[in-house]
Amino acid sequence: MKLYNTLSRTTEDFKPLSPPKVTMYACGPTVYDDTHIGHMRKYAGDDMLRRTLSLFGYDVNHVMNITDVGHLTDDGDAGEDKLEKGAAKSGQTVWEIADHYTKRFLDTMSAVNVLPATHLTKATDHIAEMIALNEKLSANGFTYETDQALYFDTSKDAEYGKLSGQKLSEKETGVRDDVVVDTDKKNPADFVLWFKRVGKFADHAMHWPSPWGDGFPGWHIECSAMSMQYLGETIDIHTGGVDHIPVHHENEIAQSECATGHPFVKYWVHYAFLQVDGEKMSKSKQNGYTIDDIREKNINPLALRLLFMQTHYRKPLNFTWESAQGAQTSFDRLHAFAVLHHDITIDTVAPSEQYLDSFKEALGDDLNTAKALAVVWQLLGDKTVPIEQKKKTLFVFDEVLGLDLKKIEPIVIPEHVTTLLKERSEARAQKNWQVSDQLRTEIEKSGFTVIDTEDGSIAQKI
Ligand code: AMP
Ligand code: ZN
């Protein structure tokens, strides 16, 4: 299996540290606002990667964090803690906000059939581990303290910037957590490991005692601390959106490697954005559709999963309702196949080796999901594959596609609709389109719609 590694900027043979085990850390959401479908692209991507690794025989330990403290808004928002800001907006406490949006996030993920992480870890449950890591960094001489915060001193780390390739001199100031206007800060790229509860943060609701005074952790340290705690000092895969490359992940690498003296991550995987009108879909831009918007437009959340798979994870994907509708039509086709062949048992049937090989070849090529889907459509249209084997192969594919085809149950259709459907199929076989259209109208009058596939037609409730 080959995987693109942001660190080496090349597609590499995937060789985990201790096969068949794979350790994978996925940067999780900051739970101050609702989950949008841009997040879904990233986490469905993690899920595709994890399921592909399983298809290739690996045993994946997948850790994902929930950021519920320390993640500050960028320059434009003048550097508030996102959670505190969300709480102020809604009149709830930060803890209530975190609980509410964590639940919304997890419900959304389950709607797109993202497998739950092996360990779901909350930042606020790991303050002690973050403090310990900061202490290690201080003991190793990589930190300094001001009246406002404990900083990581990037000038002490000769390798700082290796992920993004940015030189320290080119580093932008005022990025994400670098918002405490602190005149004692030494270098623009230095980042906060611990915020003191002083100045603008004097009333910060979440705070803990520490060797640097009462306060709260910076955002980046949480991922290093939790990754090490659950997966060890060096792991196989770490994922995030491309926005994490220049700051969050760069900082994670610096603080982890300067603390342990070992490489932090073997393969860095980054997902391109889901866009709207050519711009990143984001909470702050208020252009984010949620799972509710998707359902309101009668798009199955799993059709969205299919939509994501049509584009390679490293390419931006511009979301439109037309493309979502197109994915829904494709999903209906697969749905119809599962309904039409519901009664065929496949327990003792072997999948088509030829198709399985092509499917694996596509996914093994840096997760070429679009190519893997092409294999699916080719299989479906291949009249030389016996139907039992076709179904079995498709259901094996679905272990990775995650469209839950196994769970699809035919709906109960009134007898007269079944008769109309049969008559319509006969009319279609005779290419009698006029009668076929009339029969469709009749079926629709009974509250059903028709989905046509090469294998036949099914009726669904409108
Ligand atoms: P956040 O909660 O904003 O920190 O985002 C959580 C994860 O979702 C990060 O890895 C982001 O890079 C990713 N993400 C946020 N917005 C998008 C988007 N529009 N498309 C793809 N990934 C996104
Ligand atoms: Zn992270």
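Residues numbered from 1 in each chain as written. Chains lettered and ligands numbered in written order. Predicted model: local features only at pLDDT ≥ 70, side-chain atom pairs only at ≥ 80, totals over all residues. Heavy atoms only, no water.

Some words on the overall build of the protein chain
In terms of regular secondary structure, the protein chain is built from 14 helices and 16 strands. When the backbone C-alpha atoms are referred to their principal axes, the protein chain occupies close to 85 × 50 × 35 Å. When the 462 residues of the protein chain are sorted by exposure, 55% land in the buried category. Of the contacts formed within the protein chain by residues at least 6 apart in sequence, a portion of 75% connects residues at least 24 apart. If you sum the accessible surface of the protein chain, you get close to 19900 Å²; carbon and sulfur atoms cover 50% of it. Both charge centroids of the protein chain, one from 50 positive and one from 70 negative side chains, sit 4 Å from each other. (Helix = DSSP H or I, 4+ residues; strand = E, 2+ residues; numbered from the N terminus. Buried < 20%, exposed > 50% of the residue type's maximum accessible area, 1.4 Å probe, protein only. Contact = heavy atoms within 4.5 Å. Areas by Shrake-Rupley, 256 points an atom, 1.4 Å probe, with all protein chains shown as cover. Lys, Arg positive; Asp, Glu negative; His and termini not counted. Charge placed at Lys NZ, Arg CZ, Asp CG, Glu CD.)

Examining the pattern of salt bridges
Opposite charge on two side chains allows them to pair when their charged atoms are near. Applying the stated rule across the entire model yields 23 salt bridges. With a closest N to O distance of 2.8 Å, Glu145 and Lys196 form a salt bridge. Taken together, the residues span a long stretch of sequence, with Glu145 in strand E6 (residues 143-145) and Lys196 in strand E8 (residues 191-196) at a distance of 51 residues. Glu399 serves as the salt-bridge partner of Lys406, at 2.9 Å between the closest nitrogen and oxygen. Accessibility expressed as a relative area gives 55% for Lys406, which makes it exposed. Using a relative accessible area of 45% as the deciding quantity, one classes Glu399 as partly exposed. Through salt bridges with shared partners, a single network forms among Arg424, Arg428, Arg440, Glu444 and Asp452. (Salt bridge = Lys/Arg side-chain N within 4 Å of Asp/Glu carboxyl O.)

Focus on the coordination of the zinc ion (ligand 2)
For a metal with four donors in a tetrahedral arrangement, the ideal angle between donors is 109.5 degrees, while six donors in an octahedron ideally sit at 90 or 180 degrees. Only Cys27 (SG), Cys223 (SG) and His248 (NE2) from the protein coordinate the zinc ion (ligand 2), and they sit 2.0 to 2.2 Å from it. Each donor residue of the zinc ion (ligand 2) belongs to the same chain, and together they define the spacing C-x195-C-x24-H. With a gap of 25 residues between them, Cys223 in helix H5 (residues 219-231) and His248 in helix H6 (residues 245-260) connect regions that are remote in the sequence. Cys223 sits in the buried class, given a relative accessible area of 1%. Residue His248 is classed as buried on the basis of its relative accessible area of 1%. (Donors = N, O, S within 2.8 Å, 3.2 Å for Na, K, Ca; no water.)

Considerations on the site of ligand 1
In the vicinity of ligand 1 lie 19 residues, with Thr30, Gly241, Asp243, Leu274 and Met281 positioned nearest. A distance of 3.1 Å separates an oxygen atom of ligand 1 from a polar atom in the backbone of Gly241. Contacts to ligand 1 include Met281, whose backbone N or O atom sits 2.7 Å from a nitrogen atom. In the complex, the protein chains occlude 97% of the 480 Å² of accessible area that ligand 1 would expose alone. Sorting the residues of the shell around ligand 1 by element identifies helix H1 (37-55) and strand E10 (235-241) as the ones contributing at least two each. (Near = heavy atom within 4 Å. Polar contact = N/O pair within 3.5 Å; in protein donor to acceptor, adjacent residues only side chain to side chain.)

Points about the sheet that holds strand E13 (residues 279-280)
Within the open sheet, the three strands sit side by side as E13-E12-E14. Their pairing is mixed. Single-partner strands in this sheet number two, and they are E13 and strand E14 (317-318). Here strand E12 (residues 274-276) runs beside E13; their pairing, made up of two bridges, is antiparallel. Counted as the bridge partner of Val276 is Glu279 from E13. (Pairing = 2+ DSSP bridges.)

With respect to the pairing of strand E2 (residues 10-13)
Pairing of strand E1 (residues 2-5) with E2, which is carried by four bridges, proceeds in the antiparallel orientation. The residue of E2 that forms the bridge with Tyr4 is Thr11. With antiparallel pairing between neighbouring strands as the criterion, E1 and E2 make up a hairpin whose turn holds four residues, including Arg9 at a positive phi of roughly 60°.

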